[in-house]
Each structure stands twice: as structure tokens, then as C-alpha cells.
Amino acid sequence: MRVLGLDTSNYTTSAAVFDGEGGSNAGKLLEVRPGERGLRQSEALFQHVKALPERMGELRQAGLLEGIAAVAASTRPRAVEGSYMPCFLAGESLGRSVAQILGVPFFSVSHQQGHLAAAAWSAGRMELLDAPFLAWHLSGGTTELLRVEPEGVNVRAERIGGTTDISAGQLIDRTGVLLGLDFPAGRELDELSARSQSGESFPVKAGGLEFSLSGVENQVKARVEKGEEPAPIARFVLNTVADTVRRVTVEAQDRFPGLPLLCSGGVASNSRLRYILTEFCQGIFAPAKYSTDNAMGVAVLAHRLMGGERRDRDE
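The model shown is predicted, which means the values in this text are computed figures rather than measured ones.

(A) Quick peek at the overall build of the protein chain. Helix and strand content of the protein chain: 10 helices and 12 strands. For 315 residues, the compact-globule formula gives about 20 Å, and the C-alpha radius of gyration of the protein chain, at 19 Å, lands near that figure. Considered along the principal axes of its C-alpha atoms, the protein chain spans approximately 65 × 45 × 35 Å. Looking at the protein chain as a whole, 54% of its 315 residues qualify as buried. The contacts of the protein chain with a sequence gap of at least 6 include a subset with a gap of at least 24, amounting to 69%. Taking the 33 positively charged and 38 negatively charged side chains of the protein chain as two groups, their mean positions are separated by 2 Å.

(B) Spatial organisation of the sheet that holds strand β2 (residues 12-18). What the five strands build is an open sheet, ordered β3-β2-β1-β4-β5; its pairing is mixed. Either end of the sheet is taken by a strand with one partner, and the two such strands are β3 (23-29) and β5 (106-110). Across the sheet, the axes of successive neighbouring strands diverge by a mean angle of 15°, strand direction being ignored. Of the strand pairs in this sheet, β2 and β3 are connected by seven bridges, and their pairing is antiparallel.

(C) Just the pattern of salt bridges, in detail. According to the stated counting rule, one finds 20 salt bridges in the structure shown. For Glu58, the salt bridge is made with Arg55, and the minimal N-O distance between the two is 2.7 Å. Taken together, the positions of Glu58 and Arg55, both in helix α1 (residues 41-61) and three residues apart, correspond to about one turn of that helix. Among the residues examined, Arg55 registers a relative accessible area of 2% and is labelled buried. For the salt bridge of Glu144 with Arg159, the shortest nitrogen-to-oxygen distance reads 3.9 Å. With Glu144 in strand β7 (residues 143-151) and Arg159 in strand β8 (residues 154-163), the pair connects residues that are 15 residues apart, well separated along the chain. Each member of the salt-bridge network shares a partner with another, and the members are Arg37, Arg174, Glu217 and Lys221.

(D) Region of interest: the environment of Ser212. If you trace the backbone, Ser212 turns up in the loop between β10 (210-211) and α6 (214-225). Sequence separation between Ser212 and Gln282 is 70 residues, and the spatial gap between their C-alpha atoms is 24 Å. Beyond its immediate sequence surroundings of up to four residues, Ser212 is in contact with Thr164, Asp165, Val204 and Lys205. In this structure the side chain of Ser212 is engaged in a polar contact, spanning 2.2 Å, whose partner is the side chain of Asp165. Separated by 3.3 Å, the side chains of Ser212 and Ser214 make a polar contact.

(E) Representation of unusual backbone geometry in the model. Cis geometry is found at the peptide bond from Phe183 to Pro184, where omega equals -5°. Among the secondary structure elements, Pro184 is positioned in the loop between α4 (168-178) and α5 (186-193). A positive phi is found at Gln282, a non-glycine position, where the angle reads about 55°. Of note, Gln282 is situated in the loop between α8 (271-281) and β12 (284-285).

(F) Structural context of the sheet that holds strand β9 (residues 206-207). Ordered by their spatial adjacency, seven strands build an open sheet running β9-β10-β8-β7-β6-β11-β12, and the pairing between neighbours is mixed. Edge positions in the open sheet fall to β9 and β12, since each of these has one partner strand only. Of the strand pairs in this sheet, strand β6 (residues 133-138) and strand β11 (residues 261-264) are connected by four bridges, and their pairing is parallel. Looking at the pairing, His137 lines up with Ser264 of β11. Here helix α3 (residues 111-122) sits on the sheet in contact with β6, β7, β8 and β11, set at roughly 115° to β11. Its contacts with the sheet put helix α7 (residues 230-255) on β6, β7, β9, β10 and β11, and the angle it makes with β6 is roughly 160°.

(G) How the structure looks around the nonpolar core. Of all hydrophobic cores here, the largest spans 41 residues; its most connected members are Trp136, Leu189, Leu213 and Leu277. Contributions of two or more residues to this core are made by β6, α4, α5, α6, α7, β11 and α8. Beyond its immediate sequence surroundings of up to four residues, Leu277 is in contact with Trp136, Val245, Arg246, Thr249, Cys263, Gln282, Gly283 and Phe285. Residues Ala119, Val155, Ile284 and Val298 belong to the second largest nonpolar core, which totals 34 residues.

(H) Region of interest: the pairing of β8. When β7 meets β8, the two strands line up antiparallel, connected through eight bridges. The residue bridging Val148 from the neighbouring strand is Ala157, located in β8. With antiparallel pairing between neighbouring strands as the criterion, β7 and β8 make up a hairpin whose turn holds two residues, including Gly152 at a positive phi of roughly 65°. Summarising the sheet, β8 and β10 pair through two bridges and their orientation is parallel. Paired with Thr163 across the strands is Phe211, a residue of β10.

Cut-offs and rules
- Residues numbered from 1 in each chain as written.
- Predicted model: local features only at pLDDT ≥ 70, side-chain atom pairs only at ≥ 80, totals over all residues.
- Heavy atoms only, no water.
- Helix = DSSP H or I, 4+ residues; strand = E, 2+ residues; numbered from the N terminus.
- Rg over C-alpha atoms; globule rule 2.2 N^0.38 Å.
- Buried < 20%, exposed > 50% of the residue type's maximum accessible area, 1.4 Å probe, protein only.
- Contact = heavy atoms within 4.5 Å.
- Lys, Arg positive; Asp, Glu negative; His and termini not counted.
- Charge placed at Lys NZ, Arg CZ, Asp CG, Glu CD.
- Pairing = 2+ DSSP bridges.
- Axes fitted to C-alpha atoms, helices over the stretch in contact; angles between N-to-C directions.
- Salt bridge = Lys/Arg side-chain N within 4 Å of Asp/Glu carboxyl O.
- Polar contact = N/O pair within 3.5 Å; in protein donor to acceptor, adjacent residues only side chain to side chain.
- Core = buried A, V, L, I, M, F, W, Y, C linked by side-chain atoms within 4.5 Å.

Written out as C-alpha cells, the structure is:
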């Protein structure tokens, strides 16, 4: 049984097909002009509408769009009241249309739920979705520590900690732009940081499971203005993010003993963070290509939801 998943996040257009064991994701970053720190929602929505036919074409050329039994799309950032972002309308609109044409069910999930499912599946740990676990959702717009529980065949995520201001992804991207890197800057900043062996970090204060990263951004601006070399600045930022997330994770693991830790979102592809959380917190990570925004998790959830719907009909 093949299912189609669509995800139109703030910076990536993705379509994926999943058959219960494996699948394929076709994704492409949105275009951001050099020197700019992001896109307006209207521009992101416009680019998604233009890009979706090409992503679907990639799946069709691979022979993956035959026999689609269900369609799902991420329709909002998080599965909480008031969560909304216009860019997700592109994927939802196409998904509902395809489902109507094919006469198959359409399922609505959140972008965050898709990230968690993609991480669990690609890490070979699908059993995580069937019991409580801790998770980090670390992305361009989100740095949230979650306690996740099964909700039928989907998951329900409760925010228990994270940033109180800018996200780790925003800090990384803004640092990258200050250093002349392309936006989004995660991969390039990671590579740049490897040229420095500095162990310096900023002592971010954490109040329980909450912390603020805006002070780190001010430190970066000051270092750039002083003419400090880019590599040590990049290393300083990534050391700080990794150390802060580690300290908060340890606190959470003390509060919720025995729960596994799953790490998702684009920032979770950072090599320094992956090393620190794996070494000190037994973190579970997706391969890098499934840490960044993708539709595979949406497709995985569509397959699980389709299976649940069939079981309900049979009972």
C-alpha cells in the first residue's frame, strides 16, 4: 500500500511516497536572496505553488505515484490550538485535491508530528511512536523540548521546555548571514566551525528547562564587529547551542527517567550537536537528510493512519 505525503514548510517543498517499509522523498529548498534572513509567508507560499508540480513529477518519473491509497499533508506547524502558517496551505490544497481525484482518504497532520515520525522511521526506531518518549524539535523556527505520547497511531507532543526567544536555528542562520554565508546557513556554518578547535562557549543561563539565546546573538554581533575570524565564531555558536541543549536534556532526563530521547528538525543534523547528545544523553538521531524538513514523516503517518482506519472498519 503506497501513500503520498506533502510538506510545504517555510523553506522546503517536499513530496514523499511510503509503502510501509521504504520510500522516497523529493524535496527542494526555497530560494532566498543573498544577504536576506528569510522569506515572507506570501513569497514562500508562491514558491511552493510553483515547486510542487516538479516535486510530484520526480515521484511520477520514478514510477511511485501508481496505486496511491491515501494522501496526507502537514497543515500547520504544531498540533495545538492557534498554530497556523500560510505556507502549509500549498501542500494541503494539493493534497486534498489529489485525494478527491483518486477517491482516497486525506489525512491532516502537523509539521512537527511529521518531523518526529521521519526521525523515528529513518533511525530504525518506529517503536518509539508507540510509547512515551522525550524529543527535541530543533529547527529554523522552533527549539522545543517535548514529552511525546501515542495518540492512536499518531503522536501528541507536549512542550516542556526550550527557548523563550529566538530558536537555535534562527541563531545559526543569523550568524551565518553575518559571516557572509547563504541562508539557511546550517550546513555551511557546520563546515566552517570544523576549521576551528576552540572549546569556547557562552554560559547561557537555564531556568529549569527554559533558556534564552538572544544574548548569544549579541555576542556574535560584537565578535563580528571586532573582526574576529569566521571559523572561531561559528565554533563558538555551535558549542553554545550543543552545551545548552545538553544541560537542559540532562535536567529533563532526571525529571522523566527512563524515557528515550529522539532528536528531530534541521538543527539536529549539526555534527557537534549530534556528537554531544549521542555521547552524553544517548540521543537518537535521524540521518541528516531526514532531520531537515521533508515529507517522509508525513507519508509515514499517512500509512499508519490508513492502517488504523482499515482496522476500525473491520472491527
